[in-house]
Amino acid sequence: MKRKSSPVLIGVFFILIGGSFLYLLALSKMIEAYQMQSWRPVPADLISAELTSYLHTDEDGHSTTMYKVKMRYRYVIDGNPYIGSRVNVDNFSSSDRDEHADRLSNIERLAARENLRVWVNPDDPIESVFDRTISWSRIIAISLFSCVFISVGVFIIRFSKKAESEEDEEGARLFSEIVSSASTENKLDSKEIYSTAKGNIRLWKYASIISFFFFLTFSVGLIGSNLVGTIVAILFFIPPFIISYVYWKKRVEWNYFKDVPLVLSPYPGVIGGEVKGHLIIPKEFHPSDKYNISLNCTQTETQKSHNKTSIRSHLIYENSISPVAKEHEQGSFLEFEFYVPADKPSTARGDNAITWSIEVKSKLKTINLKRSYDIPVFRTAKSQSVKDELKSKPLSKSEKRRIEQKVSFQRSSNDNQMSKSETKSTNRKADIKDIPEELTFHTPKLAAGLLLTLMGLAFFLIGVTLFAVKGEIFGLFFALVSSVFLGFGIYIWGKNCKVKVTPNCIEVDQYLFSKLIKKHRYRAQEISSIKPIVIHSSSQAGKAVRNTYGLSLYIRNGESVDLGGNFKSKKNAIYMIEQIEQVLHRE
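Since this is a predicted model, take the numbers as computed values, not measurements. (Residues numbered from 1 in each chain as written. Predicted model: local features only at pLDDT ≥ 70, side-chain atom pairs only at ≥ 80, totals over all residues. Heavy atoms only, no water.)

Draft legend 1. Molecular detail of the overall build of the chain. A tally of regular secondary structure across the chain gives 12 helices and 24 strands. Across the 587 residues of the chain, 37% fall into the buried class. For the chain, contacts bridging at least 24 residues in sequence account for 67% of all contacts bridging at least 6. For the chain, the exposed area adds up to about 34,400 Å²; of that, 55% sits on carbon and sulfur atoms. (Helix = DSSP H or I, 4+ residues; strand = E, 2+ residues; numbered from the N terminus. Buried < 20%, exposed > 50% of the residue type's maximum accessible area, 1.4 Å probe, protein only. Contact = heavy atoms within 4.5 Å. Areas by Shrake-Rupley, 256 points an atom, 1.4 Å probe, with all protein chains shown as cover.)

Draft legend 2. Looking closely at the sheet that holds strand 12 (residues 326-328). Read from one edge to the other, the open sheet built from 5 strands follows the order 6-7-9-13-12, with strand pairing classed as antiparallel. With one partner strand each, in any of the chains shown, strand 6 (191-193) and strand 12 form the two edges of the open sheet. For this sheet, the mean angle separating the axes of adjacent strands, direction not counted, is 30°. For strand 12 and strand 13 (residues 331-339), the ladder comprises 3 bridges, and the chain directions are antiparallel. (Pairing = 2+ DSSP bridges. Axes fitted to C-alpha atoms, helices over the stretch in contact; angles between N-to-C directions.)

Draft legend 3. How the structure looks around the packing of aromatic side chains. Tallied over the full model, the rule gives 16 aromatic pairs. On the basis of an interplanar angle of 55° and a centroid distance of 5.9 Å, the ring pair of Tyr 317 and Trp 356 is categorised as tilted. Here Tyr 317, found in strand 11 (residues 308-321), pairs with Trp 356, found in strand 14 (residues 352-363); they are 39 residues apart in sequence, far enough to count as distant. Aromatic side chains Phe 336 and Phe 338 sit 6.3 Å apart centroid to centroid with 40° between the ring planes, which places their arrangement in the tilted category. Accessibility assignment for this pair places Phe 336 and Phe 338 in one class, buried. Among the aromatic residues, those joined into a cluster by ring pairs are Phe 13, Phe 14, Phe 21, Phe 145 and Phe 149. Lying across the ring of Tyr 267, Lys 191 places its NZ or CZ 5.9 Å from the centre. It is Lys 283 that lies over the ring of Tyr 256; its NZ or CZ is 4.4 Å from the centre. (Phe/Tyr/Trp six-rings, centres within 6.5 Å; stacked < 30°, edge-to-face > 60°. Lys NZ or Arg CZ within 6 Å of the ring centre and 35° of its normal.)

Draft legend 4. Structural view of the environment of Ser 320. Topologically, Ser 320 is positioned in strand 11. Linking Ser 320 and Ile 358, residues 38 residues apart in sequence, is a C-alpha distance of 9.4 Å. Apart from residues lying up to four places away in sequence, Ser 320 is in contact with Asn 292, Ile 293, Ser 294 and Phe 338.

Dropping the structure here:
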């Protein structure tokens, strides 16, 4: 199999950059300073000395004034006059004006006292320097900064090679083996899966090394400068200390438990089926120990545009249990079993990667265990569809009642023999147990539209205020753009539908708040299908993305009508569709 070489090349590039910095700006200066120790002092006359400055602009357009001392002096060796201009060994420019001003003052003071001396190379008198000392704080800072690049390069090369060997060999084998068997009825054997703990320890190790070099680079130049600078330099040690502490904790946990393999059975996990297995914690069993096992699904989107690559990850499903450990001859025995909803995605790689994982956390009497296992979960021949799921795992009465309440769900009957109590029950939001003669429901306004409306209104008012108070044309433009969002938010917030379903007919009245804006009426033979659609997605930090589903009516002539809805899952939306279709196709 062909290996990817780009990460290795990137790593080599970082090492070359770091090595170049280290040699050109640190090692070469140290070698020069060492060689200058054999140079001899010679009296000199100052020709000129000045503090020069220039404006340096970085890639982001930020400008900084840089300062540097320039001087010219004359000295005589063996009767021959020479002109020199080198001030010091490193000859750096910097933004510290005071440092260079002090150097200039020292030069002028020595020249005024006729005590100016320069250091001259006895083997080549044309080489001379005013100050042969070097700034050790600057050399150390540059060395540390160079080590950041070198460490990053080593990290990329080492981990890319390991990732390629593991991912290309094991990953390709896994995908070819599982995907090829996904359409068969063969049940795959159980398999041991190892956690990502060891790899994470290496990551934290390199992170602590790199952070130490990075933050120490800034600390070296600040320590001893003044009280505030010294305090800031000490504060710079906090991030690498925290990272190093996390690395130490993970290392201690690994040394205590070592590998804790997870057995997945059956293998792989099944979409619309089960993810189940067990693991053994190889330490003494204690009844008071507590465990939490969670099944998570993460989507990672990679977008490449020109020279930029953006990666965004979010949790799309999570479920957790707190199993009770059982005593085992090797330690504590933990079993887990999850049902994976039929509408969830399979494990996938690439720019739209899907990763399923089992996370184990514990509170133990000794050292707490925390492990994460990446597991394969696929749609196979044994996978249930959402409709199959409704049959095997039907909604509870309370779930049905919540759906019916959300959409103001009602039924009516033309049975002339209904009792008064039965008549009253049809006026309430009912739990459908048989096929009614008529079904009416009112889908609510979408609350997400209110948030968009408030945001649009706030930005609109800001724009109007800028234009009215300061006369800013930008404020008027801002208000006009915000009015588009405001109008769109009002439309989403106010849109709702009243739907009436009878045998062979659906009537849909679309409203904006309480105003009727359009009426639709379709016969059963005109309808192609009714499908669930995602109408809103929301997420909070650390929590799974939450999709809200609605219903869409598709007509054979290509039209579609949004029926609205506010269903928390695709399964709930399918349940509602089944209720509609039962009445629509009733004989």
